[in-house]
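Structure assessment
Residue-level listing of the chains:
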Amino acid sequence: MNGLAWEDWALPVLMTLGHFLWQGAALGLLALIGLLALRRASARLRYALLCTVFAGMALCPSLTLVWL
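Residues numbered from 1 in each chain as written. Predicted model: local features only at pLDDT ≥ 70, side-chain atom pairs only at ≥ 80, totals over all residues. Heavy atoms only, no water.

1. Details of the overall build of the protein
Put simply, the rule is: In DSSP terms, a helix is any run of H or I states spanning at least four residues, a strand is any run of E spanning at least two, and both are numbered starting from the N terminus. It only takes one pair of heavy atoms within 4.5 Å for two residues to be counted as in contact. All accessible-area figures derive from a Shrake-Rupley calculation using a 1.4 Å probe, and residue coverage is judged against the displayed protein chains alone.
Along its length, the protein carries two helices and zero strands. Overall, the C-alpha framework of the protein stretches about 60 × 20 × 15 Å when taken along its three principal axes. Taking contacts inside the protein between residues at least 6 apart in sequence as the whole, the part at least 24 apart equals 66%. Entry remark: accessible area of the protein is about 5400 Å², with carbon and sulfur atoms responsible for 75%.

2. Considerations on helix 2 (residues 43-67)
Note on helix geometry: an α-helix contains 3.6 residues per turn, so any two residues three or four positions apart are oriented the same way. The line we're drawing: A helix is expected to span 1.5 Å multiplied by its residue count minus one. For every residue, the accessible area (1.4 Å probe, protein chains only) is compared with the maximum for its type, and the residue is labelled buried under 20%, exposed over 50%, or partly exposed between those bounds.
Across its 25 residues, helix 2 extends 35 Å between first and last C-alpha, which sits within 8% of the 36 Å expected from 1.5 Å per residue. Burial in helix 2 covers these residues: Val53, Gly56, Cys60 and Thr64. On its buried face, helix 2 is in contact with helix 1 (6-37).

3. Looking at the side chain of glutamine 23
Within the fold, glutamine 23 resides in helix 1. Apart from the residues within four sequence positions on either side, glutamine 23 is in contact with Cys60 and Thr64.

4. Some points on the environment of leucine 50
Counting through the fold element by element, leucine 50 comes out in helix 2. Along the primary structure leucine 50 and alanine 31 are separated by 19 residues, whereas in three dimensions their C-alpha atoms are 6.7 Å apart. Those residues in contact with leucine 50 that lie beyond four places of it in its chain are Ala31 and Leu35.

5. Quick word on the packing of helix 1 against helix 2
The test is simple: Here the axes come from fitting lines to C-alpha atoms, over the contacting stretch only for helices, and the angles between their N-to-C directions go from 0 to 180 degrees. Angles below 35 degrees are treated as roughly parallel, those above 145 as roughly antiparallel, those between 65 and 115 as roughly perpendicular, and all remaining angles as oblique. For a crossing to be left-handed, the near helix must be turned anticlockwise from the far one by less than a right angle; the clockwise case is right-handed.
Where helix 1 contacts helix 2, the two axes come as close as 9 Å, and the packing angle between them is 165°. In terms of axis orientation, helix 1 runs roughly antiparallel to helix 2. Note that helix 1 runs across helix 2; the crossing there is right-handed. Across the interface between the two elements, Pro12, Val13, Thr16, His19, Phe20, Gln23, Gly24, Leu27, Gly28, Ala31, Gly34 and Leu35 of helix 1 pack against Arg46, Leu49, Leu50, Val53, Gly56, Met57, Cys60, Pro61, Thr64 and Leu65 of helix 2.

From the geometry alone we can't say anything about function, so treat these as descriptive.
Okay, structure coming up:
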């Protein structure tokens, strides 16, 4: 069989999903700490913080899959 078999990609994908559990939790915790620290800051700054966290959540799985 030419190409990749499911065994070749299933383990890295499952490990990526597993890693994203703790990565997402860590980013969520950082977002919470950042929001608490920026409680009196402008809404624009808090929005920028959360956009950065969401971008990190979008990048984490792809970077982890490439790393694996």
